[in-house]
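Listed here are the chains, written in short residue letters.
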Amino acid sequence: MSEFEQYRSLFVAESRENHENLVNYLLALEKGIDQTAIDEIFRSIHTLKGASASMGFADMERLCHTMEDALQLIRSGSAEMSEDLGNVLLSCTDLIEEMLDDIETGGDSSSKNPDKQVHALRIWLEAQDTTGGPDKPRESPEHKTESCEPEAVQVEDAEQGTGVEYTMTIIVSPDCMMKDVRAMIAIQNLEALGTIRSLQPSKEEIDEGKFDGTAKLTIFSDAGEVALRTAAQGSEISTVEIQATEEASAVAAVPTPGKKPAEPDRKQTAAADKNREIKNLRVDISQLDHIMNLVEDLVINRGRLKQIAEERKIKEMDEAISMVERSVSELQNLMMIIRMIPLSHIFNRLPRVVRDVAQYDHKEVEFIMEGGDTELDRSVMDGLNDPLLHLIRNAVNHGIEDPETRIKAGKPGKGLVRLSARRDRDNVIIQLTDDGAGINVEKVKKKAVEKGLISPEAAATLSTEEAIDLLFQPGFSTADTITDISGRGVGLDVVRRSIESLKGTIKVETTPGKGSVFELLLPPTMAIVDVMIVRINNKRLAIPISSIVEVANFKKDSMHRIGKGDVTLIRDEVLQILWLNEMIGGSDHCEILIVVQYQKRKCCIPVDAVEGKQEVVVKPLSSFIGTTKGISGVTILGDGDVVPVLDVNTMEE
């Protein structure tokens with residue numbers, strides 16, 4: 001593999017972080033001028049531009065440069081942020097994401113032509129030249145071109161004496177395979193924060209490969225020592241030394257009228273910087289998956305060794321296995337922690353979705369996110385993106401009314417959509433709440449009758465919960481017309497299938513005129529679970545502990561026949577008996593009932609015996625076997641027995 005190819009993955013990873021940061025702060029900027037948002041936008045776009053230039057991706061560099069020109073007018077106050085400009089800039093970020101996708105798969109982004117976006121931005125820039133900025137005359141084109149560059153702005157600051165001159169030494173890690181590229185990225189990050197007055201070696205020498213890993217420079221900036229250090233740091237930068245020059249420090253010590261003197265920054269040693277950098281590593285997710293598979297094999301073999309030790313009654317082996325068991329448990333817990341990912345990785349993409357759908361529907365929506373630091377296993381996270389996307393679009397499109405309707409109903413013109421996540425014992429609960437019109441149950445029933453899903457007589461007897469359940473039928477939609485957003489009946493059925501495949505549940509509550517709540521209950525991980533091992537017809541079955549409500553005695557004389565099924569009375573509650581004859585075979589010795597629950601519905605499973613609780617690894621069924629209702633996978637017990645794991649969510653009634 002060439003040095004360029006090895007560096008490609010690092011470029012993509014860092015660029016995706018900057019891209020996400022850029023999108024989020026552009027959305028914040030649309031709500032009003034925020035200096036923090038502007039600074040973050042410039043830092044992200046400048047880093048993207050510099051990194052793409054260093055890697056030779058000219059089209060991405062050209063697009064970022066034009067975006068920078070437009071944003072500079074916003075930063076300087078010569079123009080105002082508008083919805084039209086926001087649309088163009090967000091269209092540019094979409095194209096940047098496509099370019100990164102292309103680069104990640106081995107391309108050079110040249111197949112993603114940015115001419116359309118660049119042309120749109122230049123038309124906007126020309127319009128600003130014609131109309132002039134708010135409350136100030138426009139500058140000449142020649143001067144405007146200079147003002148678009150961060151260096152020109154910083155030079156002006158230098159002339160006014162509002163910054164400090166620093167000397168910096170940047171040392172690239174000896175292990176870095178492309179020292180010159182890494183150094184150029186750090187230098188370009190610094191250029192976004194100030195004016196570089198001297199640089200050894202020069203940019204030209206670095207570009208020509210005349211770079212031994214150490215760059216020394218002086219920079220004039222008002223960003224502060226911490227900001228400069230952060231801009232220069234990055235992966236494969238081993239040391240960043242910075243200090244203010246004596247002359248500059250003396251000037252900076254004189255307080256500027258109307259400006260609070262900055263507190264002195266705490267000096268950090270090069271060793272501390274190096275240690276802090278080593279604490280974070282980028283690891284390919286496929287490697288983590290492979291390690292997780294090995295840990296799962298250790299868990300299986302741990303049970304096997306433990307059983308052998310109990311059978312042979314060898315003291316030395318018992319002691320050794322106890323130590324191995326403790327180490328495997330710690331390794332397993334550590335691996336589960338490493339695989340946990342904050343929900344913010346998904347949540348941060350959703351404000352853009354809300355903004356686009358609201359704009360398409362001509363609605364005003366405030367979107368609030370809470371609990372983004374709640375963590376889920378990567379295997380669960382992978383399947384959660386599409387369900388949340390569908391729910392968010394439905395909340396804005398179907399839930400929130402247009403401003404006129406809301407005002408007539410006595411509500412604020414701007415609707416509220418809230419997405420929250422929290423831990424609840426062993427599960428994660430995600431709630432999506434809106435203050436819209438709620439679900440029109442009568443309209444749902446009418447649509448169901450029109451589509452032939454139920455008869456008019458059956459519709460009249462449906463409860464609110466049963467009517468809401470119709471929303472999850474494939475092809476069902478309450479929209480009167482088909483649009484780009486809704487009306488095709490594809491959405492909530494996908495949500496339910498996806499959530500159930502993650503071993504989770506979805507619950508809906510609605511209040512007419514006040515809004516709806518969609519609640520997702522998810523397990524934090526799917527790979528290693530606690531189960532109860534039971535025996536039916538001399539065959540073993542594993543039932544997840546999270547699905548079990550209680551275990552009760554079973555007497556066949558307490559069983560009654562209602563319709564086509566059997567029921568029994570437990571704690572004044574009539575519960576259906578679910579016989580697993582087709583799955584495992586019938587038994588005449590069932591004396592125990594396992595009460596399981598799916599959402600709000602309970603049922604009983606008769607079993608012959610309960611062997612006890614055990615922690616097992618759930619392996620998915622082979623594609624050769626296909627999908628089997630009622631079975632989520634299989635596990636291998638310590639004695640080598642392959643046992644199916646029951647999936648309460650998909651059991652046939």
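This is a predicted model, so every value here is computed, not measured. (Residues numbered from 1 in each chain as written. Predicted model: local features only at pLDDT ≥ 70, side-chain atom pairs only at ≥ 80, totals over all residues. Heavy atoms only, no water.)

(A) Just the packing of aromatic side chains, in detail. For the structure shown, the criterion picks out 2 aromatic pairs. Taking 5.3 Å as the distance between ring centres and 45° as the angle between the ring planes, the aromatic pair formed by F11 and F57 counts as tilted. Here F11, found in helix 1 (residues 3-30), pairs with F57, found in the loop between helix 2 (35-55) and helix 3 (58-76); they are 46 residues apart in sequence, far enough to count as distant. The exposure classification of F11 matches that of F57, with both residues buried. Just above the ring of F42 sits the side chain of R75; from NZ or CZ to the centre is 4.2 Å. (Phe/Tyr/Trp six-rings, centres within 6.5 Å; stacked < 30°, edge-to-face > 60°. Helix = DSSP H or I, 4+ residues; strand = E, 2+ residues; numbered from the N terminus. Buried < 20%, exposed > 50% of the residue type's maximum accessible area, 1.4 Å probe, protein only. Lys NZ or Arg CZ within 6 Å of the ring centre and 35° of its normal.)

(B) Quick peek at the sheet that holds strand 3 (residues 214-221). Taken together, 4 strands build an open sheet; the order of strands is 2-3-1-4 and the sheet is antiparallel. The outermost strands of the open sheet, each flanked by one partner alone, are strand 2 (195-200) and strand 4 (237-244). Ignoring strand direction, the axes of neighbouring strands in this sheet form an average angle of 20°. Note that strand 1 (residues 164-172) and strand 3 share 8 bridges and pair antiparallel. Considered in strand 3, the bridge of E165 is made with F220. Here helix 8 (residues 179-191) sits on the sheet and contacts strand 1, strand 2, strand 3 and strand 4; the angle it forms with strand 1, its principal contact strand, is near 160°. Across the face of the sheet, helix 10 (residues 225-232) comes into contact with strand 1, strand 3 and strand 4 while running at roughly 155° to strand 4. (Pairing = 2+ DSSP bridges. Axes fitted to C-alpha atoms, helices over the stretch in contact; angles between N-to-C directions. Contact = heavy atoms within 4.5 Å.)

(C) Region of the structure containing the pattern of salt bridges. Tallying each qualifying case throughout the model produces 27 salt bridges. Between R16 and E104 there is a salt bridge, with the nearest N and O atoms lying 2.8 Å from each other. Taken together, the positions of R16 in helix 1 and E104 in helix 4 (residues 83-104) put the pair 88 residues apart, joining distant regions of the chain. Relative accessible area serves as the criterion here: at 25%, R16 is assigned to the partly exposed category. The salt bridge partner of R406 is D435, with a shortest N-O separation of 2.9 Å. (Salt bridge = Lys/Arg side-chain N within 4 Å of Asp/Glu carboxyl O.)

(D) Examining the environment of N87 more closely. Tracing the backbone shows N87 in helix 4. Separated by 57 residues in the primary sequence, N87 and E30 have C-alpha atoms spaced 10.0 Å apart. Setting aside its immediate chain neighbours within four residues, N87 contacts E30, R355 and Q359.

(E) Geometry of the nonpolar core. Counting 46 residues, the largest nonpolar core has L343, L384 and I430 as its most contacted members. If near-sequence neighbours (up to four positions away) are discounted, I430 is found in contact with L343, F347, L384, L388, L419, S420, A421, F518, E519, L520 and L522. (Core = buried A, V, L, I, M, F, W, Y, C linked by side-chain atoms within 4.5 Å.)

(F) Structural detail: the environment of V396. Counting through the fold element by element, V396 comes out in helix 18 (residues 385-399). Overall, V396 belongs to the buried group, its relative accessible area being 0%. With near-sequence residues (within four places) excluded, V396 lies in contact with V354, V357, A358, D361, K363, V365 and V417.

(G) Structural context of a negative patch on the surface. Taken together, the side chains of E310, E311, E316, D318 and E319 make up a negatively charged region of the molecular surface. The set of elements that each furnish at least two residues to the negative patch consists of helix 13 (285-312) and helix 14 (315-339). With 3 residues, helix 14 is the largest single contributor of residues to the negative patch. Turning to its location among the elements, D318 is positioned in helix 14. (Patch = residues over 30% accessible without salt bridge, like charges linked within 9 Å, V, L, I, M, F, W, Y side chains within 5 Å. Areas by Shrake-Rupley, 256 points an atom, 1.4 Å probe, with all protein chains shown as cover. Lys, Arg positive; Asp, Glu negative; His and termini not counted. Charge placed at Lys NZ, Arg CZ, Asp CG, Glu CD.)

(H) Highlighting the confidence of the model for the protein. The share of residues in the protein with pLDDT of 70 or more is 82%, and the mean pLDDT across the chain is 78. The low-confidence segment residues 134-161 (pLDDT under 50) makes 45 contacts with residues lying over four places distant or belonging to another chain. Long-range and interchain partners of residues 248-278, a stretch whose pLDDT sits below 50, account for 27 contacts in this model, where long-range means more than four residues apart. (pLDDT = per-residue confidence, 0-100.)

(I) Spotlight on empty space enclosed by the protein. One pass over the full model with this rule turns up 3 cavities of 30 Å³ or more. Roughly 60 Å³ of volume is contained in the largest cavity. Residue lining of the largest cavity: Y7, F11, E14, S15, N18, T47, L48, A51 and I185, and that is the complete set. Elements with a minimum of two residues in the lining of the largest cavity: helix 1 and helix 2. It is helix 1 that provides the largest number of residues to the lining of the largest cavity, a total of 5 residues. (1 Å grid on protein atoms, 1.4 Å probe; cavity = no way out; pocket = protein on both sides within 12 Å on 5 of 7 lines; lining within 4 Å. Points joined across faces, edges and corners; volume = space filled by probe spheres on them.)

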